[in-house]
Amino acid sequence: MTVAKLELSTDPALKLDADSSSGAKLSPRAELARRALYYMSLMREAEDRIERKLYRQGKILGGVYVGRGQEAIPVGAGLAARPEDVLFPSHRDLALYFMRGISLREVFAQYMGRAAGLTRGRDGNMHMGDLRKRIVAIISAMAASVPVAAGAAMALKYQGKDDVVFVFFGDGATSRGDWHEGINLAAVQKAPLVLLCNNNQYAYSTPLDKQMACANVADRAPGYGIPAEIADGNDPLAVYDACERAAAHARSGNGPYLIECKTFRMTGHSAHDPADYVPKELFELWEQRCPIRRVERRLLDEGWDSPAAIEAVHARVRREIDEAIEWAENSPYPDPSELLDGVFERKES
Amino acid sequence: MTVAKLELSTDPALKLDADSSSGAKLSPRAELARRALYYMSLMREAEDRIERKLYRQGKILGGVYVGRGQEAIPVGAGLAARPEDVLFPSHRDLALYFMRGISLREVFAQYMGRAAGLTRGRDGNMHMGDLRKRIVAIISAMAASVPVAAGAAMALKYQGKDDVVFVFFGDGATSRGDWHEGINLAAVQKAPLVLLCNNNQYAYSTPLDKQMACANVADRAPGYGIPAEIADGNDPLAVYDACERAAAHARSGNGPYLIECKTFRMTGHSAHDPADYVPKELFELWEQRCPIRRVERRLLDEGWDSPAAIEAVHARVRREIDEAIEWAENSPYPDPSELLDGVFERKES
Amino acid sequence: MPTTYVEAIREGLREEMERDPNVFLLGEDIGIYGGAFKVTQGLLDQFGGRRIVDTPISESAIVGAAIGASFMGLRPVAEMQFADFISCGFDQIVNFAAKCRYRWNAPAPLVLRAPCGGGIHGGPYHSQQNEAWFTHTPGLKVVLPATARDAKGLIKSAIRDNDPVIFYEHKALYRRVKEDLPEGDYTVPIGKASVHREGRHMSIVTYSAMVHVAAEVAALMEREGLSIEVIDLRTLTPLDEETILASVRKTSKAIVLHEANLTGGFGGEIAARITEKAFEYLDGPVLRLAAPDTPVPFSPPLEEAYLPNAQKLLEKVRWLAAY
Amino acid sequence: MPTTYVEAIREGLREEMERDPNVFLLGEDIGIYGGAFKVTQGLLDQFGGRRIVDTPISESAIVGAAIGASFMGLRPVAEMQFADFISCGFDQIVNFAAKCRYRWNAPAPLVLRAPCGGGIHGGPYHSQQNEAWFTHTPGLKVVLPATARDAKGLIKSAIRDNDPVIFYEHKALYRRVKEDLPEGDYTVPIGKASVHREGRHMSIVTYSAMVHVAAEVAALMEREGLSIEVIDLRTLTPLDEETILASVRKTSKAIVLHEANLTGGFGGEIAARITEKAFEYLDGPVLRLAAPDTPVPFSPPLEEAYLPNAQKLLEKVRWLAAY
Ligand SMILES: Cc1ncc(C[n+]2csc(CCOP(=O)(O)OP(=O)(O)O)c2C)c(N)n1
Ligand SMILES: Cc1ncc(C[n+]2csc(CCOP(=O)(O)OP(=O)(O)O)c2C)c(N)n1
Ligand SMILES: [Mg+2]
Ligand SMILES: [Mg+2]
């Protein structure tokens, strides 16, 4: 086998600076905030279209899961990850794909089951990946990615690299045996693994206190002899900072590091779930902590961006998405004649 | 189905007091120490015969695992358990069977694959149980008993009883997903579950530091929001005291409680393992902590028993074992015609 | 008023819970949410949290806990949110539950409900039909109802059964099939196939959603003068071999149909038994129609190409009729 | 000097590790202890702890880690201490490893070694022959060598293969079969059956330890003038249907033999394919001999009654010969 040739990301948001109205050189922090805004906006808008338009129009089938209100987690982490670092997204981390240079077209095609999707119609929605871009597809079984990520991290160490692996999971996923086994193995092996928990306080309809009897997911880290911290999961820069600390720890050969991002799921579990079981007040409370509004305020308060520049970001996002949806809708479905291909390697004969 | 009728244990060691040379009434502590001596001696001697005689003579086939040096754990716990409490032994807890009134004859027959064994020759060695005596058979997969024990504990709570479940496992078993899932479920459900870890510092050839990156198994308890304590696993009274605390906690509706018993495996992993990978000094060090010698010293130091009385216990044990082995060796093998029975319930027709 | 398949299961659960205070349900999101497919909707209100237990995401612990509770005299009914996740509790099922009666006479009377099957655009992880893993594991009963009547009668039998039962509910049938059910308490026996439709010229042996595909084809072929008998196995283990063999001895031709992947599917077992035990009666090879050996694809044209359907079955029927 | 089956596997591992620095081993007690069956004995000394990784007791993590390492370009060979514990890593095998190439073009070139089979008084949890779970899972290659030569050649092929391979090593063969091996580097192709012994009157299709039972019976029957062809499948998926069908078309009679439980075993698949594709050639029903549908019992008289052996096979052979 030839190992997948790397095609490392050219971060589309880098273009933002060039586009920016202000010619002045920005501080690194400001640049981060801007890139965070772009990717969070992209994820929010893309998922809104998916969940509120395309799904309801019957153009997207199957289960649809979005990360509304939780965009700071993939975006903060994605900003901290180097292009060679390996990402294992979970089901509310769409931004990671864009940050790895996977196009909106490919993503919408994926959601619509088209041939141009990353899985060529074989799997749906966020079940996608691209080894060349070092982003690994989730499988449905919660936390199944954790042992696989542990093995990827062991391989990086084996290869003498200082790259790290980022693996994402929800609060509910931490109940699974795979979560435990994967972290324990990585800890014993001192594998460079950054563990990112999206603690959005629900697992489907199940609230935290029916999922675990400890107060924080972070409380589990001492059982693996690894450090943990709790981050504000609605602030991409806080997530970024935590990831920088975690990745530095892992890159230096100290093994795994757990970050618990406290946030809230601003939707039902999936597009067909009205979430009647969630007290309304919680939605109202967390609406005020919207990570997008928050980074916008920061950009304005610090004088890093003007209201017009912010509006321009959203407008660009909408434009890009409109274009991509149209393209994807007109792209072909996979041909049924391909059904049998690729269960095994095709042997040249 | 009619639920298995309970046949709760008549503790054979109770007879000790009657047999005792001294007519004086003993303190409860002294009684405990005496019973501990009897059962530890019984387990030690029975396992010595199994591993060092019968196995080498080819009279016992398959894998043979003994608990030499770790007898204080099942014995201390077995003394604390009430007859209605449910026991889930692991593979180094032979004493529990005797304490539940399962006879030496049945146990030797079991090890020799005879029809009179608790599994009628269908399974081997310590893979045995008897629901009527509330003792559940282990399966090989390490820690698989933990979720099952959690369910038994949930059932006791469901039934409004104040009985508890004791589940036993090794240090290595704590790496398994089932361990994590079972404890977490029991913790969320506040099920009355006492978790007993035999930390003998090895899992087969694998030392602790290749099994886990934390210092103690007890360090894992906060991740489940449950209390834990570390007990001297070579002192049956220390284990007993810890179990009393744990069972009281569980009986009062407070959920699981973890006890980590620090001890050492004074043998190879199984009868065919010479344990060359274990530094000799460790065996020498832990030999001095032998739980049987220790309880003997205590009985003498406190003036609870004379050297002669102690020797009488060992002599009684040897007598009982001789008799049981002879009986078992002369007992029949299962009849092959039974091979197909009992995969499913036999329906009366 | 006709009852749907999903209502039939719910009513079966309800009646058994009313009848026997030892019956309780456990699983993910089965309480306030009523389960991913709303099978348990309303049961929390009626029976309360003691008997309807929402669990963490822990399939192995769910199965294990059901085993432990069954040892204590309870009658647990555990839900896997999708049959696809049954593999996360696999060891508990095949090694603990399946073997405890045989090993040490400890029955584990539990039911594992598993919503299975494709046709809902669920993709590789929400469409599986994985019963063959369990039919190869002695000690497990595997039940897959195709009709509302059988769904209710079999869930009730499963709960009363003293052995572990895996109860596969086909998701595509939940709201698609309905019928009038017998009044009151009735059960359908585990281990008995039903002759879903009688016929004389050919037998189609099948189960679960594919029964309806077979019935459709039988109706079509009737018009062409070919009389097809449709055997709905309902239970795979223990298998009702008698009913299969009686049918094939009558018709002399057989097709085995299932939605699971072809290779290693239960269809091989059935075909092998027919050939071994009714060889002299066969007027042609026993054919199989099943899904091809790929994961279940997501995209509609692929999933359609994947799933067995009336058209693909018709081809086999015609070929065998002409043999 | 003849090489035993266990040595053959060890040499295969060693040669591949010498050839390719990306090959590494992981599993429980495979380092200083050399593995429960000493398959990896000496390899830690030669290759060091970086390439021979002792893991915690975590089958799911072992399989998962092998998948993750394979994504990064390594060639992991993971050991399950006993095939019986493979069920603890089941979901990773059937859902992650098996499906990743199909779903998103991510091959997982890993090998899972699993010591399997009975005859060592291991009881229900140290004797299993559970390959049929995996032959029903598209995306997995399932290999079960019967001879030392094949064991070495196939483990080498498995390591070089770009798909996940489950490699079942029969424990009863480890030290019981030996032969002279070809000098130097050789491989045996995955997906090709071998004609273990040629014959004209009857085919016995089998694999793993049962090949030797079939060969024994073939030798016995030769003296009675019945010429039996023994097909050693070696690989179950992908299956070498051609070799099976060619044999049956020649002999017109077939028995399928395996050590796994009868119902739902791979024997059903083989019998079904033979019947479907060589129906016109058959001069009698395809028979199966397999273990009965119980767990593997521990006690010697029970285990003997359980395992297929020459005597039981002879009965089938005689019956079919007389058909
Ligand atoms: C092993 C397994 N069991 C059940 C499910 C069904 N399921 C999908 S997502 C989900 C809840 C996940 O909760 P959490 O990990 O907190 O992530 P969140 O959806 O809240 O982001 C469940 C139960 C699954 N995917 N995998
Ligand atoms: C799931 C599983 N994997 C592997 C084994 C093989 N095995 C049997 S005992 C054992 C070591 C157990 O170590 P520990 O839990 O510490 O108990 P100890 O033997 O030290 O008392 C292993 C690896 C097993 N029984 N179960
Ligand atoms: Mg959540
Ligand atoms: Mg240990």
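Because the structure is a prediction, the values reported are computed rather than measured.

Engineer: So what's going on with helix H7 (residues 148–160) of chain C? Which residues, and what values?
Structural biologist: For H7 of chain C, spanning 13 residues, the distance from its first C-alpha to its last is 19 Å, which sits close to the expected 18 Å at 1.5 Å a residue. Those residues of H7 of chain C not exposed but buried are Ala148, Asp150, Ala151, Lys152, Gly153, Leu154, Ile155, Lys156, Ser157, Ala158 and Ile159 of chain C.

Engineer: Lay out the sheet that holds strand E14 (residues 287–291) of chain D in plain terms, naming residues and giving numbers.
Structural biologist: Residue and element names in this part refer to chain D. Taken together, the five strands give an open sheet; going across it, the order is E9-E11-E10-E13-E14, and neighbouring strands pair in mixed fashion. The open sheet has two edge strands, strand E9 (194–197) and E14, and neither has a second partner. This sheet shows a mean twist of 25° between the axes of neighbouring strands, independent of strand direction. Note: strand E10 (residues 202–206) against strand E11 (residues 228–232), five bridges, orientation parallel. If you follow serine 203 over to E11, its bridge partner there is glutamate 229. Along the sheet, helix H8 (residues 210–223) makes contact with E9, E10, E11 and strand E13 (254–261), crossing E11 at roughly 170°. Here helix H10 (residues 266–277) sits on the sheet in contact with E10, E13 and E14, set at roughly 160° to E13.

Engineer: Pulling in residues and values, what's your account of the side chain of glutamate 131 of chain D?
Structural biologist: Residues and elements named next belong to chain D. With respect to the helices and strands, glutamate 131 occurs in the loop between strand E5 (111–116) and helix H6 (132–135). Lacking a salt bridge, the buried glutamate 131 has lysine 171 as its closest oppositely charged neighbour, with an N-O distance of 11 Å. Excluding anything up to four places from it in sequence, glutamate 131 contacts Val142, Leu144, Tyr168, Tyr207, Leu236 and Ala260.

Engineer: Describe the interface of chain A and chain D, naming the residues involved and giving the relevant values.
Structural biologist: Tallying the contact residues gives 44 residues for chain A and 43 residues for chain D. Carbon and sulfur atoms make up 64% of the area that chain A and chain D hide from each other, which totals about 3,600 Å². The tally of links between chain A and chain D comes to one salt bridge. Residue arginine 103 of chain D is joined to aspartate 123 of chain A by a salt bridge in which the shortest nitrogen-to-oxygen separation is 2.7 Å. Joining chain A to chain D, the criterion identifies 18 residue pairs in polar contact (both at pLDDT 80 or more).

Engineer: Any details on the site of ligand 2? Residues and values, ideally.
Structural biologist: Residues in contact with ligand 2 amount to 21 residues; listed here are only the nearest, His91, Arg92, Gly172 and Tyr202 of chain B together with Glu59 of chain D. Bordering ligand 2 are residues originating from chains B and D. Methionine 142 of chain B places a main-chain nitrogen or oxygen 3.1 Å from a nitrogen atom of ligand 2. Considered on its own, ligand 2 offers 580 Å² of accessible surface; in the complex 98% of this is hidden by protein. Here the shell around ligand 2 is composed, by residue class, of nine nonpolar, seven polar and five charged.

What counts and what doesn't
Residues numbered from 1 in each chain as written. Chains lettered and ligands numbered in written order. Predicted model: local features only at pLDDT ≥ 70, side-chain atom pairs only at ≥ 80, totals over all residues. Heavy atoms only, no water. Helix = DSSP H or I, 4+ residues; strand = E, 2+ residues; numbered from the N terminus. Expected span 1.5 Å × (residues − 1). Buried < 20%, exposed > 50% of the residue type's maximum accessible area, 1.4 Å probe, protein only. Pairing = 2+ DSSP bridges. Axes fitted to C-alpha atoms, helices over the stretch in contact; angles between N-to-C directions. Contact = heavy atoms within 4.5 Å. Lys, Arg positive; Asp, Glu negative; His and termini not counted. Salt bridge = Lys/Arg side-chain N within 4 Å of Asp/Glu carboxyl O. Buried area = accessible area lost by both parts, 1.4 Å probe. Polar contact = N/O pair within 3.5 Å; in protein donor to acceptor, adjacent residues only side chain to side chain. Near = heavy atom within 4 Å. Areas by Shrake-Rupley, 256 points an atom, 1.4 Å probe, with all protein chains shown as cover. Nonpolar A, V, L, I, M, F, W, Y, C, P; charged D, E, K, R; others polar.

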